[in-house]
Amino acid sequence: MSFTDSTDAPIYAGLVEEHGDVPAEVRRVAEETMREADRAIDFSDIRRSPAYR
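Residues numbered from 1 in each chain as written. Predicted model: local features only at pLDDT ≥ 70, side-chain atom pairs only at ≥ 80, totals over all residues. Heavy atoms only, no water.

Draft legend 1. Examining the overall build of the protein more closely. When you go through the protein residue by residue, the secondary structure sums to three helices and zero strands. When the helices and strands of the protein are listed from N to C terminus, the series reads α-α-α. In the protein, which comprises 53 residues, the share counted as buried stands at 6%. In the form shown here, the protein has an accessible surface area of approximately 4,900 Å², with 59% of it arising from carbon and sulfur atoms. (Helix = DSSP H or I, 4+ residues; strand = E, 2+ residues; numbered from the N terminus. Buried < 20%, exposed > 50% of the residue type's maximum accessible area, 1.4 Å probe, protein only. Areas by Shrake-Rupley, 256 points an atom, 1.4 Å probe, with all protein chains shown as cover.)

Next up, the structure:
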């Protein structure tokens, strides 16, 4: 899904054709990084451990 319709901004369509949809790729990588960070700092297993009760 593009942020801007190519008919609204012909220069955007040309840039997407030339370089790919950079904003969409950045968004995808940012979302993936956030998911990885959430998993990396998830302490829920530690709190549930009987050793910490």
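Draft legend 2. Spotlight on the pattern of salt bridges. Applying the stated criterion to the full structure yields two salt bridges. Close ionic contact of E25 with R28 constitutes a salt bridge, the shortest N to O distance being 2.7 Å. Residue E25 and its partner R28 are located together in helix α2 (residues 22-40), separated by three residues, close to a single helical turn. Looking at E25, the relative accessible area reads 40%, which means it is partly exposed. R28 is the salt-bridge partner of E32, the closest N and O atoms lying 3.1 Å from each other. Highlighted residues: E32 and R28, both in helix α2, separated by four residues, approximately one helical turn. A relative accessible area of 32% places E32 in the partly exposed class. (Salt bridge = Lys/Arg side-chain N within 4 Å of Asp/Glu carboxyl O.)

Draft legend 3. How the structure looks around helix α1 (residues 10-19). Judged by how many residues are buried, α1 sits mostly at the surface: one of 10 residues are covered. Phi turns positive, to about 85°, at G20, one or two residues after α1.

Draft legend 4. Inspection of a nonpolar patch on the surface at higher detail. Residues I41, F43 and I46 make up a contiguous nonpolar surface patch of about 310 Å² in total accessible area. With respect to the helices, strands and loops of the structure, F43 is situated in the loop between α2 and α3 (44-48). (Patch = residues over 30% accessible without salt bridge, like charges linked within 9 Å, V, L, I, M, F, W, Y side chains within 5 Å.)

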